[in-house]
Amino acid sequence: MDTKHRLGLRLKAIRKEKKLTQEDLAARIGRSVDAISNLERGKSLPSFSTIEQLCQALGIPLKTLFDFDETPVLRHRAQLLEDLLSIARRLTDNDLELAVEQIRAIGRRSQ
């Protein structure tokens, strides 16, 4: 998967984590919904200025937007991993511990 697609998946996951619609994010950075959609689908690569605006609008440091695994993975798997991370970030510590135990159990079953 290329960088545009990885960045798009990461942007989408962060936007959803922040409970924003594409419309919300587009309005915050003065872009169209189509522009946000194209970024999230990996159809276009944002300029550095747009990246700065996205980070500011999402309230995240620049490095967070580029915090994605460098190992090539299938698009669907990458999306599932982003979704899992997004959900995990919202859990309490106790719920996160429980989730990790459950995932470990599933991992042992799959081996």
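Thresholds applied
- Residues numbered from 1 in each chain as written.
- Predicted model: local features only at pLDDT ≥ 70, side-chain atom pairs only at ≥ 80, totals over all residues.
- Heavy atoms only, no water.
- Helix = DSSP H or I, 4+ residues; strand = E, 2+ residues; numbered from the N terminus.
- Buried < 20%, exposed > 50% of the residue type's maximum accessible area, 1.4 Å probe, protein only.
- Contact = heavy atoms within 4.5 Å.
- Areas by Shrake-Rupley, 256 points an atom, 1.4 Å probe, with all protein chains shown as cover.
- Lys, Arg positive; Asp, Glu negative; His and termini not counted.
- Charge placed at Lys NZ, Arg CZ, Asp CG, Glu CD.
- Patch = residues over 30% accessible without salt bridge, like charges linked within 9 Å, V, L, I, M, F, W, Y side chains within 5 Å.
- Salt bridge = Lys/Arg side-chain N within 4 Å of Asp/Glu carboxyl O.
- Core = buried A, V, L, I, M, F, W, Y, C linked by side-chain atoms within 4.5 Å.
- pLDDT = per-residue confidence, 0-100.
- 1 Å grid on protein atoms, 1.4 Å probe; cavity = no way out; pocket = protein on both sides within 12 Å on 5 of 7 lines; lining within 4 Å.
- Points joined across faces, edges and corners; volume = space filled by probe spheres on them.
- Nonpolar A, V, L, I, M, F, W, Y, C, P; charged D, E, K, R; others polar.
- Axes fitted to C-alpha atoms, helices over the stretch in contact; angles between N-to-C directions.
- Left-handed = near helix turned anticlockwise from the far one by under 90°.
- Arc of directions from axis to C-beta.

Chemist: Would you explain the overall build of the chain in this entry?
Modeler: Within the chain, the secondary structure is distributed over 7 helices and 0 strands. In sequence order, the secondary structure elements of the chain are arranged as α-α-α-α-α-α-α. Overall, the chain is about 45 × 30 × 20 Å in size when its C-alpha atoms are taken along their principal axes. For the chain, buried positions account for 30% of its 111 residues. Residue pairs at least 24 apart in sequence account for 66% of intrachain contacts in the chain once pairs closer than 6 positions are excluded. Summed over its atoms, the accessible surface of the chain is roughly 7,300 Å², and 53% of this surface lies on carbon and sulfur atoms. Computing the positive centroid from 20 side-chain charges and the negative centroid from 16, the chain places the two 3 Å apart.

Chemist: How should a nonpolar patch on the surface be read in this particular structure?
Modeler: On the surface, I87, L91, L96 and V100 cluster together to form a nonpolar patch covering roughly 260 Å² of accessible area. Secondary-structure assignment places L96 in helix 7 (residues 93–110). We classify L96 as partly exposed; its relative accessible area is 30%.

Chemist: Sorry, what's going on with the nonpolar core here?
Modeler: L11, L25, I36, L54, L58, I60 and L65 are the most contacted members of the largest nonpolar core, which totals 17 residues. A total of 5 residues in this core trace back to one element, the largest contributor, which is helix 4 (residues 48–58). Not counting residues up to four positions away in its chain, the partners in contact with I60 are I14, K18, C55 and L65.

Chemist: Would you take a moment to explain the confidence of the model for the chain for this structure?
Modeler: As a general rule, the predicted coordinates of low-pLDDT regions are not to be interpreted in detail. Within the chain, residue pLDDT values average 88, and 91% of them lie at 70 or more. At the level of individual helices and strands, the chain shows its lowest average pLDDT in helix 6 (residues 75–90), which scores 82, and its highest in helix 2 (residues 22–29), which scores 97.

Chemist: It is not clear to me how the layout of surface pockets should be interpreted in this structure. Could you clarify?
Modeler: Picture a little ball the size of a water molecule; that probe, rolled over the atoms, points out where space is still empty. Space inside the second largest pocket adds up to approximately 170 Å³. Taken together, R77, L80, L81 and L84 make up the lining of the second largest pocket. A class-by-class count of the residues in the lining of the second largest pocket yields 3 nonpolar, no polar and 1 charged.

Chemist: Got a minute to help me understand the packing of helix 2 against helix 4 in this structure?
Modeler: Each pair of packed helices can be summarised by the angle the axes make with each other and by the distance between the axes. Taken N-terminus to C-terminus, the directions of helix 2 and helix 4 make an angle of 115°; their axes are 9 Å apart at the nearest point. Our pair here, helix 2 against helix 4, has a crossing hand that is right-handed. Residue-level inspection shows L25, R28 and I29 of helix 2 in contact with helix 4, the latter providing T50, Q53, L54, A57 and L58. Here the contact of helix 2 with helix 4 is composed, by residue class, of 5 nonpolar, 2 polar and 1 charged.

Chemist: Honestly, helix 4 in this entry has me stumped. Any pointers?
Modeler: Turn by turn, an α-helix covers 3.6 residues, leaving residues three or four places apart pointing in a common direction. For helix 4, the full list of buried residues reads T50, I51, L54, C55, A57 and L58. Seen end-on, helix 4 carries its buried residues on one side only, within an arc spanning 165°. Among the exposed residues of helix 4, those oriented more than 90 degrees off its buried face are F48 and Q56. Residues of helix 4 that are buried in the fold lie against helix 1 (3–17), helix 2, helix 3 (33–40) and helix 5 (62–65). After helix 4 finishes, the residue G59 shows a positive phi value of roughly 70°.

Chemist: Is there a simple way to explain the environment of A26 in this structure?
Modeler: Its location among the elements puts A26 in helix 2. Separated by 51 residues in the primary sequence, A26 and R77 have C-alpha atoms spaced 27 Å apart. If sequence neighbours within four positions are ignored, A26 has contacts with R31, S32, V33 and I36.

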